[in-house]
Amino acid sequence: MAEIQLGIIEKLFADIIWSMEPVSTSDLVKAAKDELGWARTTTYTVLHRLCNKGLFVNEKSVVTSLISKDSFYTLQSRRFVEETFDGSLPKFLAAFTGEKKLTKKEADVLRKMIDEAE
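Let me sum up the structure you'll find in this document. Fair warning: this is a prediction, and the values are worked out from it, not measured in the lab.

## What about the pattern of salt bridges?
Argument step 1. The full count for this structure, using the stated rule, is 9 salt bridges.
Argument step 2. K53 serves as the salt-bridge partner of E10, at 3.1 Å between the closest nitrogen and oxygen. Residue E10 is found in helix α1 (residues 8-20), and its partner K53 is found in the loop between α3 (40-52) and β2 (56-59); the two are separated by 43 residues along the sequence.
Argument step 3. Its relative accessible area of 8% is what places E10 among the buried residues.
Argument step 4. The partner of D108 in a salt bridge is R111, and the shortest N-O contact between them spans 3.2 Å.

## Considerations on unusual backbone geometry
Argument step 1. Cis geometry is found at the peptide bond from E21 to P22, where omega equals -10°.
Argument step 2. Among the structural elements, P22 can be located in the loop between α1 and β1 (23-24).
Argument step 3. Even without being glycine, K60 reaches a positive phi, approximately 55°.
Argument step 4. Summarising the element assignment, K60 is placed in the loop between β2 and β3 (62-65).
Argument step 5. Take K60: its relative accessible area is 82%, and that puts it in the exposed class.

## What to know about the packing of aromatic side chains
Argument step 1. Enumeration over the complete set of coordinates arrives at 8 aromatic pairs.
Argument step 2. Ring centres of W18 and F72 lie 5.7 Å apart, and the angle between their planes is 40°; on these two criteria the pair is classed as tilted. With W18 in helix α1 and F72 in helix α4 (residues 69-85), this residue pair connects regions lying 54 residues apart in the sequence.
Argument step 3. The class for W18 is buried, based on a relative accessible area of 9%.
Argument step 4. Ring plane angle 80° and centroid distance 5.0 Å describe the contact between F72 and Y73, whose orientation is recorded as edge-to-face.
Argument step 5. Among the aromatic residues, those joined into a cluster by ring pairs are W18, F56, F72 and Y73.

## Quick word on the environment of A94
Argument step 1. Checked against the element boundaries, A94 lands in helix α5 (residues 89-97).
Argument step 2. Classification of A94 by relative accessible area gives partly exposed; the value is 49%.

## Points about the pairing of β2
Argument step 1. In this structure, β2 lies alongside β3, joined through 4 bridges in antiparallel fashion. Note that in β3 the partner of N58 across the bridge is V63.
Argument step 2. The turn joining β2 and β3, which pair antiparallel and follow one another in sequence, is formed by 2 residues; a positive phi near 55° is taken by K60.

What counts and how
- By convention here, each chain's residues receive numbers from 1 onward along its written sequence.
- In keeping with the predicted nature of the model, local features appear solely for residues at pLDDT of at least 70, side-chain atom pairs appear and are counted solely at 80 or more, and the whole-chain, interface and lining totals rest on all residues.
- Calculated side-chain values reflect all of the structure's heavy atoms, with hydrogen atoms and water omitted.
- Each reported salt bridge corresponds to a side-chain nitrogen of Lys or Arg within 4 Å of a carboxyl oxygen of Asp or Glu.
- Elements are defined by DSSP. Helices are runs of H or I of four residues or more, strands are runs of E of two residues or more, and each kind is numbered from the N terminus.
- Between buried and exposed lies partly exposed: a residue is buried under 20% and exposed over 50% of the maximum accessible area for its type, with that area taken using a 1.4 Å probe on protein chains only.
- To pair, rings of Phe, Tyr and Trp, with the six-membered ring standing in for Trp, must have centres within 6.5 Å; the planes then decide the type, stacked if under 30 degrees apart, edge-to-face if over 60, and tilted in the middle.
- Strands were regarded as paired on the criterion that DSSP finds at least two bridges between them.

As structure tokens, then:
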């Protein structure tokens, strides 16, 4: 899958679409106005950009995703670890937990994930 980069505003708008999909463009225009204060033209411009990036499709005025929210953010997280920590999950976890003590529940979840990944 090609790398998709989104700006902060694009991510906010994508999250709105994911939360409402499948969504009519008229409902999307109303949601973008209510939540982001956007005009109809701004909504269509950003929607067009997101469709061109391969994240969503607008067919017959109904918008649906080509990539789920979970899949998108999983890819973004993996790319972050690759770029920032040379792909090392232990380096990432060391940085993440360096100034914060894990709760027992968090540690249990991590242990379970490690056990299942082995």
